[in-house]
Amino acid sequence: MDSRTKPADQEADADPSLPEAMAGELTRVAEAYRRLPHSKFALRLEPYGDRAQAGYWLATQVTLLAQGMESWDSPRPPAWRELPVLGVFALGDQIAVVGNDLLSAYLALKDPRETLVWTPGEGRVPADKAMAAVLDSTTALRKAL
């Protein structure tokens, strides 16, 4: 193995870790919301407004990406379904459930690097790039909590 083959090997190894990293981050964020005291939900968290709005925003992003991945082979974007607001004490469970939906949709794709998935307002993007963007958002929110 020479230096020209190492980056390709590392890139191939990165794909399986993307869903693992996403699963870990979603678990940590969901647990943080499950443990969050009632008095902390209304604390400001920019740019979302407060911690409750930030959790709902994340759950919505995860939901929309899952819908886009499930409809990847459709010639038209999906009819985007709105995530219901169940209240602040359900946010942890809601993030966990929609996170499982996203991971299932991602793992069902044959080649996430090449499969174009629907995103609201963006058209289509490669599934792994969309997943990486949501992973970044999830990580940023976890650190902000």
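### Some thoughts on the pattern of salt bridges
Working step 1: As enumerated under the stated definition, the model contains seven salt bridges in all.
Working step 2: Among the ionic pairs, Asp93 bridges to Arg34, the shortest N-O distance being 2.7 Å. Placement of the pair is Asp93 in helix H3 (residues 91–108) and Arg34 in helix H1 (residues 6–35), with a sequence separation of 59 residues.
Working step 3: Taken together, the salt bridges that share partners define one network made up of Glu25, Arg28 and Arg142.

### Quick look at the pairing of strand S4 (residues 123–126)
Working step 1: Relative to S4, strand S3 (residues 116–119) runs antiparallel, the two being bridged by four bridges. Paired with Trp118 across the bridge in S4 is Arg124.
Working step 2: In this antiparallel pair of consecutive strands, S3 and S4, the connection spans three residues, and Gly121 shows a positive phi of 80 degrees.

### Structural notes on the confidence of the model for the protein chain
Working step 1: Looking at the protein chain, pLDDT values average 89 and 89% of them are 70 or higher.
Working step 2: Here residues 1–15 is modelled with pLDDT under 50, and outside its nearest four sequence neighbours on either side it reaches six contacts, counting other chains as well.

### So, the packing of aromatic side chains
Working step 1: With the rule as written, the count across this model stands at three aromatic pairs.
Working step 2: Look at Phe41 and Phe89: their rings are 5.7 Å apart centre to centre, the planes differ by 80 degrees, and that puts the pair in the edge-to-face class. Of this pair, Phe41 sits in the loop between H1 and strand S1 (44–45) while Phe89 sits in the loop between helix H2 (51–70) and H3, and the two are 48 residues apart along the sequence.
Working step 3: Taking the relative accessible area as the measure of exposure, Phe41 reaches 3% and is therefore buried.

### A closer look at H3
Working step 1: Between its first and last C-alpha atoms H3 spans 26 Å; for 18 residues at 1.5 Å apiece the expected length is 26 Å, and the two agree.
Working step 2: Residues of H3 that are buried: Leu91, Gly92, Gln94, Ile95, Val98, Gly99, Leu102, Leu103, Ala105 and Tyr106. Considered in projection along H3, the buried side chains sweep an arc of 160 degrees and stay on one side of the axis. For H3, the exposed residues set more than 90 degrees away from the buried face come down to Leu107 and Ala108.

### A short note on the nonpolar core
Working step 1: Within the largest apolar cluster, 33 residues are counted, with the highest numbers of intra-cluster contacts made by Met22, Tyr33, Val62, Met69, Ile95, Leu102 and Met131.
Working step 2: Within the residue set of this core, elements represented by two or more residues are H1, H2, H3 and helix H4 (127–144).

### Section: the side chain of Gln94
Working step 1: For Gln94, the location among the structural elements is in helix H3.
Working step 2: A polar atom in the side chain of Gln94 sits 2.7 Å from the backbone oxygen of Pro84.
Working step 3: Residues contacting Gln94, with those up to four places away along its chain left out, are Leu83, Pro84 and Leu86.

### Side note on the packing of H2 against H4
Working step 1: Viewed as axis vectors pointing N to C, H2 and H4 meet at an angle of 165 degrees, and their least axial separation amounts to 11 Å. As the angle between them shows, H2 and H4 are arranged roughly antiparallel. Considering the relative orientation of H2 and H4, their crossing is left-handed. Taken together, the residues of H4 that come into contact with H2 (itself represented by Arg51, Ala54, Gly55, Trp57, Leu58, Val62, Leu65 and Met69) are Ala127, Ala130, Met131, Val134, Ser137, Thr138, Leu141 and Ala144.
Working step 2: Here the residues of the contact of H2 with H4 sort into 12 nonpolar, three polar and one charged.

### So, the side chain of Thr119
Working step 1: Note on placement: Thr119 falls in strand S3.
Working step 2: Taking the relative accessible area as the measure of exposure, Thr119 reaches 13% and is therefore buried.
Working step 3: Not counting chain neighbours up to four residues away, the residues in contact with Thr119 comprise Leu65, Trp80, Val125 and Ala130.

Reading the values: rules and limits
- Residues numbered from 1 in each chain as written.
- Predicted model: local features only at pLDDT ≥ 70, side-chain atom pairs only at ≥ 80, totals over all residues.
- Heavy atoms only, no water.
- Salt bridge = Lys/Arg side-chain N within 4 Å of Asp/Glu carboxyl O.
- Helix = DSSP H or I, 4+ residues; strand = E, 2+ residues; numbered from the N terminus.
- Pairing = 2+ DSSP bridges.
- pLDDT = per-residue confidence, 0-100.
- Contact = heavy atoms within 4.5 Å.
- Phe/Tyr/Trp six-rings, centres within 6.5 Å; stacked < 30°, edge-to-face > 60°.
- Buried < 20%, exposed > 50% of the residue type's maximum accessible area, 1.4 Å probe, protein only.
- Expected span 1.5 Å × (residues − 1).
- Arc of directions from axis to C-beta.
- Core = buried A, V, L, I, M, F, W, Y, C linked by side-chain atoms within 4.5 Å.
- Polar contact = N/O pair within 3.5 Å; in protein donor to acceptor, adjacent residues only side chain to side chain.
- Axes fitted to C-alpha atoms, helices over the stretch in contact; angles between N-to-C directions.
- Parallel < 35°, antiparallel > 145°, perpendicular 65-115°, else oblique.
- Left-handed = near helix turned anticlockwise from the far one by under 90°.
- Nonpolar A, V, L, I, M, F, W, Y, C, P; charged D, E, K, R; others polar.

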